[in-house]
Amino acid sequence: MGELRLMKGNEVIAEAAIRCGCDGYFGYPITPQSEVMETLMDREPWNETGMVVLQAESEIASIHMVHGAAGSGKKVLTSSSSPGISLMAEGISYLAGAELPCLIVNVQRGGPGLGTIQPSQADYWQSTKGGGHGDYRLIVLAPSSVQEMNDFVELGFQLAFKYRNPAMILTDGVIGQMMEKVVLADYIPRLTDEEINEKYGSWVTNGRKHNRQRNIITSLEMDSVRMENNNLRLQKKYARMEEEDVLFEEILCEDAEYLLVAFGSSARICQKAVDQAREKGIKVGLLRPITLFPFPQKPIAKLAKQVKGMLVVEMNAGQMVEDVKLAAGCAIPVVHFGRMGGIIPSPGEVVEALEQKLIGG
Amino acid sequence: MELADIINPNNLVYEKPKLLTENTMHYCPGCSHGVIHRLLAEVIEDMGIQDKTIGVSPVGCAVFAYNYLEIDWQEAAHGRAPAVATGISRTNPNKVVFTYQGDGDLASIGTAEIMHACNRGENMVVIFVNNGIYGMTGGQMAPTTLLGQVTATTPNGRDAGRNGYPLRITELIAQLPGTSYVTRQSVHTPATIRKCKKAIAKAFQAAIDKKGTSFVEVVSTCNMNWKMTPVKANEWMVENMFPFYVPGDLKDSSKNDPESYTPLKN
Ligand SMILES: Cc1ncc(C[n+]2csc(CCOP(=O)(O)OP(=O)(O)O)c2C)c(N)n1
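Residues numbered from 1 in each chain as written. Chains lettered and ligands numbered in written order. Predicted model: local features only at pLDDT ≥ 70, side-chain atom pairs only at ≥ 80, totals over all residues. Heavy atoms only, no water.

What exactly am I supposed to notice about the layout of surface pockets here?
Vacant regions in the atomic arrangement are exposed by a probe of water-molecule size rolled over the atoms. All names here are of chain A. Of the volumes computed, that of the largest pocket is approximately 850 Å³. Lining the largest pocket are 34 residues, and of these Gly97, Thr218, Ser219, Leu220 and Asn230 sit closest to its centre. Listing elements by their share of the lining of the largest pocket, those giving two or more residues are helix 5 (82-97), strand 9 (216-217) and helix 10 (224-244). With six residues, the single largest contributor to the lining of the largest pocket is helix 10. Considering only residue class, the lining of the largest pocket consists of 16 nonpolar, eleven polar and seven charged. (1 Å grid on protein atoms, 1.4 Å probe; cavity = no way out; pocket = protein on both sides within 12 Å on 5 of 7 lines; lining within 4 Å. Points joined across faces, edges and corners; volume = space filled by probe spheres on them. Helix = DSSP H or I, 4+ residues; strand = E, 2+ residues; numbered from the N terminus. Nonpolar A, V, L, I, M, F, W, Y, C, P; charged D, E, K, R; others polar.)

What follows is the structure in structure tokens.
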């Protein structure tokens, strides 16, 4: 069993990175996630595991530093919050185009623009539908507890390397700032250069070896037929993610007549809302997508045959609701309830929305 | 004398470096990129570091630099090569990393990245090809475009009031404590080519010795977008570019101030 601690979500990201054999972190401070780099700098992992931690001059630089390190087969991550992720959008598109694995943590705050430092879930579209240019997808994981902040660091890296694709932990200021008990993972050693060459020698750029051709990492292809083929290969990869790596949680769905769909911190609020509604005699369940891409289409489609309606609760103006509607089809009502600008809805408000928007309506 | 008498292995004084691939270069005839690529190939080969050197190519005419040198390469987004190189070199401290960038790439969209990488003293070499213009996109004004110079976006000549002043970025770079060797070279005559090769070799040696960032500007021509013959372009460069971009070493910490630089702790 791992070590039990009381920690902040942001601190746990740092701790989990060190413990999972991470080679590097490149970042730039922004609230509400500054503790990620602060914890790393305080822990001085370069003494312990050799992990590099660097405060870059900007988010633009940090994501391209991630690009360079990831291209040499290293396990690297960055973290930021909404306006910083917008700056990283260029680099994320390049990472996806060059098919490089890495982990990006977005501890969301309210927007658009400089917005607020309070929590929000308004970057759902940006994370799951692109954000940068071109047809690409990120693997997007949405933790709803400090424990999952810990667990998804290694999971994010595993998926990123499995698909050679950037992965994102999409969380928010609630989970980033919240303290909870967490069981930390045991240390995994960093890969040696020899191990990197053995595993990823076919693509990494860490110095041409005698026993392999030189490697080139690029997202450029001037020949449009070949570029279309690259795109087709990427699309195939995204389809494979949808087949093999969809994660979700169902709470009290067996007998549910109504369904709440929510991710991350909204899902925690909905858990309480489910209890409150059931006390009132409303049979409601909760489906929590854990991977926002690949999206749990099939379980939602299945529940659409069982329930009378779905309420999608998000801290935004209605983003994931579009994916839930697509999955559920047109047979049942799928409605949205959300608060914006850093306001966190209460469980009571959710039950009220359920009654007014679905049951009463 | 027959051609075969002249092109004869016995008469060979200058060979193609093994590190240069067989690919036909896409550069315009008369362009300086080809010569600079060759010098890089020679230096890396001479130093025997091809197995631990990683190049980072830019956005700009040299975007395809990776097609010509038999080493590992990464292509970077416009201006971000120093950040990409930082990521590689920090996590691979025993490798030799260099960026290859044009003036639009390095001195315009990538000003922040080059300044900070040099100021941090990243152990890497920067090859900065300054042809005073945006080559790849059709010859628009670059930060380095001279006053009065005609480009696609300054058709009546660069005007300070409207377009600001030409930027001597290398002079700025030389001020930064993270740089150990900063020099300005050219490749328009056999003599300057030889000098430039020495400068590139010195820069690579400094990176191997972990002395921080070495920066080699090569004042170059873009005869196509300057709309001149290669010979005329070279003459124009000597007459107009050199007085403003004066060739020579700007900083050589191996000579005058070895203490000025604190090596990076990885
Ligand atoms: C973000 C972005 N903006 C603009 C471009 C278009 N672009 C391609 S090359 C270039 C200028 C390159 O000029 P320079 O760095 O001087 O190199 P040269 O082509 O002269 O060798 C520009 C603006 C781009 N590829 N990406």
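After that view of the structure, there is still more to cover.
Quick question: what am I supposed to make of the sheet that holds strand 4 (residues 124-130) of chain B here?
For sheets, the rule is that strands pair by backbone hydrogen bonds, running either parallel or antiparallel. Spatially, 9(A)-2(B)-1(B)-3(B)-4(B)-6(B)-5(B)-7(B) is the arrangement adopted by the eight strands of the open sheet, whose pairing is mixed. Each edge of the open sheet carries a strand with a single partner, namely strand 9 of chain A together with strand 7 (248-252) of chain B. Where strand 5 (residues 179-186) of chain B and strand 7 of chain B come together, four bridges link them in antiparallel fashion. Residue pairing in the sheet places Val182(B) in a bridge with Lys251(B) of strand 7 of chain B. Helix-sheet contacts for helix 4 (residues 59-71) of chain A involve strand 9 of chain A together with strand 2 (72-75) of chain B, and the interaxial angle to strand 2 of chain B is about 155°. On the sheet, helix 5 (residues 111-120) of chain B packs against strand 3 (96-102), strand 4, strand 5 and strand 6 (213-219) of chain B and is oriented at approximately 135° with respect to strand 6 of chain B. (Pairing = 2+ DSSP bridges. Contact = heavy atoms within 4.5 Å. Axes fitted to C-alpha atoms, helices over the stretch in contact; angles between N-to-C directions.)

Would you mind going over the nonpolar core with me for this structure?
One broad rule of soluble globular proteins: the nonpolar side chains tend to lie buried together. In terms of nonpolar packing, the biggest core is built from 95 residues, with Leu77(A), Val261(A), Ile300(A), Met310(A), Met320(A) and Val324(A) touching the most fellow members. Among the elements that make up this core, the one with the highest residue count is helix 7 (residues 146-163) of chain A (nine residues). Two domains each put at least three residues into this core: domain 1 (4-183) and domain 2 (248-359) of chain A. Sequence-distant contacts of Ile300(A), defined by excluding residues within four places in its chain, comprise Val261(A), Leu287(A), Phe295(A), Met310(A), Val324(A), Ala327(A) and Ala328(A). One finds Leu39(B), Val63(B), Val125(B) and Ala199(B) within the second-largest nonpolar core, a separate group that totals 35 residues. (Core = buried A, V, L, I, M, F, W, Y, C linked by side-chain atoms within 4.5 Å. Buried < 20%, exposed > 50% of the residue type's maximum accessible area, 1.4 Å probe, protein only. Domains from an automatic or database assignment.)

What am I meant to see in the UniProt feature "coiled-coil region" (unreviewed entry) in chain A here?
Following the UniProt record, the feature "coiled-coil region" (unreviewed entry) maps to residues 217-244 of chain A here. Secondary structure content for residues 217-244 of chain A is 75% helix and 4% strand, and the end C-alpha separation is 27 Å. (UniProt positions renumbered as here; feature names shortened; annotations may be inferred.)

What is the right way to look at empty space enclosed by the protein in this model?
Residue and element names in this part refer to chain A. Under the criterion given, the structure shown has one cavity of 30 Å³ or more. Ile85, Ala89, Ile92, Gln126, Ser127, Gly130, Gly131, Gly132, Tyr136, Leu138 and Met168 are the residues that line the largest cavity. Of all the elements in the fold, those that place two or more residues in the lining of the largest cavity are helix 5 and helix 6 (124-129). The element best represented in the lining of the largest cavity is helix 5, accounting for three residues. Residue composition of the lining of the largest cavity, by class: six nonpolar, five polar and no charged.

Could you clarify how one ought to interpret the packing of aromatic side chains in this entry?
Both the distance between ring centres and the angle between the ring planes are used here to describe each pair of aromatic rings. Counted according to the given criterion, the structure contains eleven aromatic pairs over all chains. Ring geometry for Phe64(B) and Tyr66(B): centres 6.1 Å apart, planes at 80°, overall edge-to-face. On the basis of relative accessibility, which here comes to 4%, the residue Tyr66(B) falls in the buried class. Residues Phe244(B) and Tyr245(B) carry aromatic rings whose centres are separated by 4.9 Å and whose planes lie at 85° to one another, so their mutual orientation is edge-to-face. Judged by its relative accessible area of 22%, Phe244(B) is partly exposed. Given the relative accessible area of 1%, Tyr245(B) is considered buried. Linked through ring pairs, Phe161(A), Tyr200(A) and Trp203(A) together constitute an aromatic cluster. Seen from the ring of Tyr14(B), Arg38(B) lies directly overhead, with NZ or CZ sitting 4.1 Å from the centre. (Phe/Tyr/Trp six-rings, centres within 6.5 Å; stacked < 30°, edge-to-face > 60°. Lys NZ or Arg CZ within 6 Å of the ring centre and 35° of its normal.)

What should I look at first to understand the environment of Asp23(A) in this one?
Following the sequence through the fold, Asp23(A) ends up in the loop between helix 1 (9-19) and strand 2 (24-27). When the C-alpha atoms of Asp23(A) and Leu103(A) are compared, they prove to be 12 Å apart, with 80 residues separating the residues in sequence. Among all residues touching Asp23(A), those that are not within four sequence positions of it are Gly50(A), Met51(A), Val52(A), Lys74(A), Lys75(A), Val76(A), Arg190(A) and Thr91(B).

Quick question: what am I supposed to make of the sheet that holds strand 13 (residues 291-293) of chain A here?
Residue and element names in this part refer to chain A. With mixed pairing, the seven strands of this open sheet are ordered in space as 3-2-4-5-7-6-13. In this open sheet, the two edge strands, each paired with only one partner strand, are strand 3 (52-55) and strand 13. Between one strand axis and the next, the sheet turns by 20° as a mean value, whatever way the strands run. Across four bridges, strand 2 lies against strand 3 in parallel orientation. Residue pairing for strand 3: glycine 27 is matched across the bridge by glutamine 55.

Whenever I open this one, the domain arrangement of chain A confuses me. Can you help?
Many analyses report the size of an interface as the accessible area lost when the parts associate. All names here are of chain A. Annotation of chain A at the domain level lists domain 1 (4-183) and domain 2 (248-359). The C-alpha centroid of domain 2 is placed 27 Å from the C-alpha centroid of domain 1. Across the contact, 28 residues belong to domain 1 and 24 residues belong to domain 2. Roughly 2,100 Å² is buried in total at the junction of domain 1 and domain 2, and carbon and sulfur atoms are behind 55% of that figure. Contact with domain 2 buries area across many residues of domain 1, yet Gln121, Tyr124 and Trp125 alone supply 33% of it, more than any other trio. Here domain 1 is connected to domain 2 by three salt bridges. For the pair domain 1 and domain 2, the number of links is 17 residue pairs in polar contact (both at pLDDT 80 or more). Of all the secondary-structure elements, those providing two or more residues to the side of domain 1 that touches domain 2 are helix 6, strand 6 (139-141), helix 7, strand 7 (166-172) and helix 8 (173-177). Here the side of domain 1 that touches domain 2 takes four residues from helix 6, the largest share from any one element. The residue makeup of the side of domain 1 that touches domain 2, split by class, is 15 nonpolar, seven polar and six charged. (Buried area = accessible area lost by both parts, 1.4 Å probe. Salt bridge = Lys/Arg side-chain N within 4 Å of Asp/Glu carboxyl O. Polar contact = N/O pair within 3.5 Å; in protein donor to acceptor, adjacent residues only side chain to side chain.)

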